[in-house]
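Given next are the chains, with one letter for each unit.
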Amino acid sequence: MGTTDEEPNKPISFHDSSSPSQPLLSTNPLSSKNHPPVPPIPSRRLTLSTSNPEPSPDSDPTQYLQISFNYGLGPFKDLAFLVLSTFETIAHSAQTLLKLKVEEGSQSQKAQSSNQHISSKMGSLPFTTSDLQTSTNGVLISPTLLCTPLMGTTVDQMLIEMRKSKEIGADVVEIRLDCLRNFNVNQDLEILIKQSPLPTLVTYRPVWEGGQYEGDESKRQDALRLAMQLGASYIDVELEVAHDFNNSIYGKKPENFKVIVSSHNFHNTPSAEAIGNLVARIQATGADIVKIATTALDITDCARIFQIMVHSQIPTIGIVMGERGLISRLLSPKFGGYLTYGALEAGAISAPGQPTAKDLLDLYNFRLIRPDTKLYGIIGKPVGHSKSPLLFNAAFKSVGLNAIYVHFLVDDVKMFFDTYSMPDFGGCSCTIPHKEVALKCMDEIDPTAKKIGAINNICRRPDGKLTAFNTDYIGAISAIEDGLRGLNRLSPGASSPLAGKVFVVLGAGGAGKSLAYGAAQKGARVVVANRTIERAKELAVKVGGKAMTLEEVKHFHPEEGMVLANTTSVGMKPKIDDTPIAKHSLKHYCLVFDAIYTPKDTKLLREAKETGAVIVYGTEMLIRQGFEQYKNFTGLPAPEELFRQLMEKHA
């Protein structure tokens, strides 16, 4: 079978058992051009009863092939996957898994009516009473385990890390034996396992699978067997050696001990067909838990791993490594993952793209994510700097909404929306560089956003259509107006303090368009300055303003008391010593606004303040436009004080 993505096939949709007519996930898996697509395995695990005779191909071919497939029995193990696809449909597997996940501990939720709407206001799919988490005791807590890898080089360091893991709230610790120096197998293993305050997963990763162990293979496997005997809850063994290893412990496994059989791909994420075949190989070794880790070249690669986790009925750990694979870790509870990994510290990760356990729990509300959790996020490139998940997840939690907001590092906007089209994807925020290109992917565009030519807020309406808004101009212009009122000691009135002002916008991208449009609407005389004059002219014509290059702005001062708004990325982390305009040119401005908020206090704003100008932080725009996005997403008023407290603490 092919192991690379070459040729697109028909999109695959699988369904949530609670809504059979609605696709849970729609994706476009790719497969080898020389082979027909093979669906992911319908992996129902069978247990042989001692009171019944072992099935044979003659007596029960379906059961025989299933057991042959899972345990490597009989002559048909290589064909079992193909034949079983005939007997069990993918949809049935997905529905069964989701039904089990949702039903577990959710009786209190089921008693609530899912048709009683809180609000029918415009925006994404409306929240209902079943989306509310009314108390922590009544919430269906995520069944996905959180594991913290221990990367210490000594036993003492690992013991300290274990205690920290418990304090943070982890469920399991992974003891990475290959990280230890001067490792004494018999003595050190017993100390680590016996003294751990949490269940232990023991991994002794060799260099040929991305680890650090370079010694004798038989000694490595001996250490894993000893870990089992000493009371480890799990051991992780690589697919390449798993069959022989599992045979060596057959009949010796303690009760509740599980073997994770893992496969790591540090190059890409193969086709759905190839991943399905890989799962079949892992199950054929007798694995208790399947673990597949691939590498994301695009965020849509995660969809193929989500497919595997949703279809599988054997416990499965699915991870897509790298920054573009972050959502595979965050959304593991939504798609039925058995376990995910969170580092103790940002600099002590065991695999690329691994978030910290603290962020999983505190930033992304990991414990509250369920199969029916609504999904929101921010699309951009770069996007990791965005504070939006901090604001929205805290807001969702504060009022008990069953929703999560994540970072989406997106390269191809159209492919992103085509892939993640499930109904419970409620919408997203949109930042640089996608505020303009995303317009082409929308079903409906708010009239103001259409005039601006850029969007920053996308909602999925009840009919499934994507509707776009622009809330940037509201947030930024209102903040600038308040700054001018404070400068001139004006009380809020009908007229805008921007009326008649020269308003210089640096940048003609999505944010620049929003500021230029908003200022023009308030009666300002807009000047658009951009690196390329063509882009500046295009925007200036739309708002009835003047165009110039960024170089020309340095010498532009037709009058004193102008307003400057920077919407370029100049000065953003990590290039915090850069500024879009020289300090000596700032003396002609009475107010300077910078849309950048990482850092909050940019070099531009520091120098503007030194020249005597009033400054308006980018965080103020973020907060105010966030109010509007929250209303569009949920139909509820934004918790404004909470937003401000969070930005004050974390900006």
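Placed above this text is the structure.
Now for a quick tour of the structure. (Residues numbered from 1 in each chain as written. Predicted model: local features only at pLDDT ≥ 70, side-chain atom pairs only at ≥ 80, totals over all residues. Heavy atoms only, no water.)

## Focus on the overall build of the chain
(1) Moving on: A tally of helices and strands in the chain yields 22 helices and 24 strands.
(2) Moving on: Counting all 651 residues of the chain, 57% fall into the buried class.
(3) Moving on: Taking the intrachain contacts of the chain between residues at least 6 apart in sequence as the baseline, contacts between residues at least 24 apart amount to 68%.
(4) Moving on: Surface accessibility of the chain: about 27200 Å² in total, with carbon and sulfur atoms responsible for 51%. (Helix = DSSP H or I, 4+ residues; strand = E, 2+ residues; numbered from the N terminus. Buried < 20%, exposed > 50% of the residue type's maximum accessible area, 1.4 Å probe, protein only. Contact = heavy atoms within 4.5 Å. Areas by Shrake-Rupley, 256 points an atom, 1.4 Å probe, with all protein chains shown as cover.)

## Some remarks on the side chain of T373
(1) Moving on: On the secondary structure map, T373 appears in the loop between α12 (357–363) and β13 (374–380).
(2) Moving on: At 2.7 Å, the side chain of T373 and the backbone nitrogen of R370 are in polar contact.
(3) Moving on: Ignoring sequence-local partners within four residues, the contact set of T373 consists of K334, L368, N402, A403, I404 and D424. (Polar contact = N/O pair within 3.5 Å; in protein donor to acceptor, adjacent residues only side chain to side chain.)

## Regarding the sheet that holds strand β16 (residues 444–445)
(1) Moving on: Pairing is mixed across the open sheet formed by six strands, whose spatial order is β14-β13-β15-β17-β18-β16. Of all the strands in the sheet, just β14 (403–409) and β16 have a single pairing partner and so form its edges.
(2) Moving on: Relative to strand β15 (residues 425–430), β13 runs parallel, the two being bridged by five bridges. Across the sheet, the residue bridging to I379 is C430, located in β15.
(3) Moving on: Together, β13, β14 and β15 form the strand contacts of helix α13 (residues 388–399), whose direction differs from that of β14 by roughly 165 degrees.
(4) Moving on: Those strands touched by helix α21 (residues 618–634) are β13, β14, β15, β17 (457–460) and β18 (466–469), and its axis lies near 10 degrees from that of β17. (Pairing = 2+ DSSP bridges. Axes fitted to C-alpha atoms, helices over the stretch in contact; angles between N-to-C directions.)

## Observations regarding the environment of F469
(1) Moving on: Along the polypeptide, F469 turns up in strand β18.
(2) Moving on: In this structure F469 comes out as buried when scored by relative accessible area, which is 6%.

## Quick word on the side chain of T295
(1) Moving on: Within the element layout of this structure, T295 appears in strand β10 (residues 289–295).
(2) Moving on: Assessed through its relative accessible area of 15%, T295 is described here as buried.
(3) Moving on: Apart from the residues lying within four places of it in its own chain, the contact partners of T295 are N265, F266, H267, N268, T269, D301, V320 and M321.

## Structural notes on the packing of aromatic side chains
(1) Moving on: Scanning all chains against the criterion turns up 21 aromatic pairs.
(2) Moving on: For the pair F392 and Y405, a centre-to-centre distance of 4.5 Å together with 10 degrees between the ring planes defines the contact as stacked. You can see F392 sitting in helix α13 and its partner Y405 sitting in strand β14, a full 13 residues away along the chain.
(3) Moving on: Given the relative accessible area of 0%, Y405 is considered buried.
(4) Moving on: When the centroid spacing of 6.0 Å and the interplanar angle of 65 degrees are considered together, the rings of F408 and F425 count as edge-to-face. In this pair, F408 is assigned in strand β14 and F425 in strand β15, connecting sequence segments 17 residues apart.
(5) Moving on: Taking relative accessible area as the criterion, F425 reaches 0% and is therefore assigned buried.
(6) Moving on: Pairwise contacts between aromatic rings join Y376, F392, F396, Y405, F627, Y630, F633 and F643 into one cluster.
(7) Moving on: Geometry around Y617 places K600 over its ring, the cationic atom sitting 4.7 Å from the centre. (Phe/Tyr/Trp six-rings, centres within 6.5 Å; stacked < 30°, edge-to-face > 60°. Lys NZ or Arg CZ within 6 Å of the ring centre and 35° of its normal.)

## Considerations on empty space enclosed by the protein
Rolled over the atoms, a probe as big as a water molecule pinpoints where empty space is left.
(1) Moving on: Applying the stated criterion across every chain yields a total of three cavities of 30 Å³ or more.
(2) Moving on: In terms of lining residues, the second largest cavity is bounded by A508, K513, R535, E538, L539 and K542.
(3) Moving on: Considering every element that reaches the lining of the second largest cavity, the biggest residue donor is helix α18 (residues 533–543), with four residues.
(4) Moving on: The residue makeup of the lining of the second largest cavity, split by class, is two nonpolar, no polar and four charged. (1 Å grid on protein atoms, 1.4 Å probe; cavity = no way out; pocket = protein on both sides within 12 Å on 5 of 7 lines; lining within 4 Å. Points joined across faces, edges and corners; volume = space filled by probe spheres on them. Nonpolar A, V, L, I, M, F, W, Y, C, P; charged D, E, K, R; others polar.)

## Considerations on the pattern of salt bridges
When the charged atoms of two side chains with opposite charge come close together, those side chains can pair.
(1) Moving on: Enumeration according to the criterion identifies 28 salt bridges in this entry.
(2) Moving on: Between D372 and R370 there is a salt bridge, with its nearest N and O atoms 3.1 Å apart.
(3) Moving on: Here E620 ties to R644 by a salt bridge, and the two come within 2.9 Å at their closest N and O atoms. Remark: R644 occurs in helix α22 (residues 640–650) and E620 occurs in helix α21; sequence separation between them is 24 residues.
(4) Moving on: R644 sits in the partly exposed class, given a relative accessible area of 31%. (Salt bridge = Lys/Arg side-chain N within 4 Å of Asp/Glu carboxyl O.)

## What to know about the sheet that holds strand β21 (residues 546–549)
(1) Moving on: Spatial strand order, β21-β20-β19-β22-β23-β24: six strands in an open sheet with parallel pairing. One side of each edge strand has no neighbouring strand; the edge strands of this open sheet are β21 and β24 (614–616). Direction aside, neighbouring strands of the sheet carry axes that sit 20 degrees apart on average.
(2) Moving on: Across the sheet, helix α16 (residues 472–488) is in contact with β19 (502–506), β22 (562–566), β23 (589–594) and β24; its angle to β23 comes to roughly 150 degrees.

## A few points about the pairing of β21
(1) Moving on: Relative to β21, strand β20 (residues 525–530) runs parallel, the two being bridged by four bridges. Bridging from a neighbouring strand, A529 pairs with M548 of β21.

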